Amino acid sequence: QVQLVESGGGLVQSGGSLRLSCTASGSSFSTYAMGWYRQAPGKQRELVADITSASSTNYADSVKGRFTISRDNAQNTVYLSMNSLKPEDTAVYYCNAGILHGILRFDYWGQGTQVTVSS
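Residues numbered from 1 in each chain as written. Predicted model: local features only at pLDDT ≥ 70, side-chain atom pairs only at ≥ 80, totals over all residues. Heavy atoms only, no water.

**Here we look at the state of the cysteines**
Put simply, the test is: Here, a disulfide means two cysteine sulfur atoms that sit within 2.5 Å of each other. What counts as a helix is a DSSP run of H or I of at least four residues, what counts as a strand is a run of E of at least two, and both are numbered from the N terminus.
Inspection of every chain in the model, using the stated rule, returns 1 disulfide. Across the disulfide from Cys 22 sits Cys 95; the S-S distance is 2.1 Å. One quick way to see it: the torsion about the S-S bond of Cys 22 and Cys 95 is about -80°, and its sign makes the bridge left-handed. Taken together, the positions of Cys 22 in strand 3 (residues 18-24) and Cys 95 in strand 9 (residues 91-101) put the pair 73 residues apart, joining distant regions of the chain.

**Looking at unusual backbone geometry**
To be explicit about the condition: The classification of residues rests on relative accessible area computed with a 1.4 Å probe and restricted to protein chains. Under 20% of the type maximum is buried, over 50% is exposed, and intermediate values are partly exposed.
Non-glycine residue Ser 55 carries a positive phi angle of around 70°. Its relative accessible area of 44% is what places Ser 55 among the partly exposed residues. Positive phi values are uncommon outside glycine, yet Asn 76 reaches one of about 55°. In this structure, Asn 76 sits in the loop between strand 7 (67-72) and strand 8 (77-82).

**Some points on the sheet that holds strand 3**
To keep things clear, this is the line we draw: One requirement defines pairing of two strands: DSSP has to find at least two bridges between them. Lines fitted to C-alpha atoms define the axes, with helix axes restricted to the stretch in contact, and inter-axis angles between N-to-C directions lie between 0 and 180 degrees.
With respect to topology, 4 strands assemble into an open sheet ordered 1-3-8-7, the strand pairing being antiparallel. In this open sheet, the two edge strands, each paired with only one partner strand, are strand 1 (4-7) and strand 7. Here the average twist between neighbouring strands, direction ignored, is 15°. Both strand 1 and strand 3 contribute to a ladder of 4 bridges, which runs antiparallel. Within the sheet, the bridge partner assigned to Ser 7 lies in strand 3 and is Ser 21.

**A look at the pairing of strand 7**
Where burial is concerned, the two faces of strand 7 differ: the one with Phe 67, Ile 69 and Arg 71 is buried and the one with Thr 68, Ser 70 and Asp 72 is not. One ladder, built from 6 bridges, connects strand 7 with strand 8; its direction is antiparallel. Looking across to strand 8, one finds that Ile 69 is bridged to Leu 80. Two successive antiparallel strands, strand 7 and strand 8, enclose a turn made up of 4 residues, where Asn 76 displays a positive phi of approximately 55°.

**As for the environment of Leu 85**
Here is the rule: Note on definitions: a residue-residue contact is assigned when non-hydrogen atoms from the two residues lie within 4.5 Å.
Along the chain, Leu 85 falls in the loop between strand 8 and strand 9. Residue Leu 85 is classed as buried on the basis of its relative accessible area of 1%. Between the C-alpha atoms of Leu 85 and Gly 35, which are 50 residues apart in sequence, the distance is 19 Å. For Leu 85, the contacting residues outside a window of four places in its chain are Val 12, Ser 14, Gly 15, Gly 16, Ser 17, Leu 18, Arg 66, Phe 67 and Val 117.

This is how it looks when you write it as structure tokens:
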């Protein structure tokens, strides 16, 4: 079982910045694929960005050039730096850890952190 604890959400004006953090339990963090997802009211949860164990990154088109995902394996932490925030970025942001056991992938989720961008 892996626990994920998120922090860093809040209220920010359009054009502002926030940095989300997610700290994972466990001693094998460097092997986890990590990601950030978000869910706005009335919408499905969507991938924002993810980062592999080799630190290869992937972004949703809507956040490319504005958000940066990174990881610090020594701190068991993944970050999402968000710049030039827009009202449409308002959502609950969830941290995800994808862990392989053989050929099976197990997904773990944080409790979510609210990001609200005012216009």
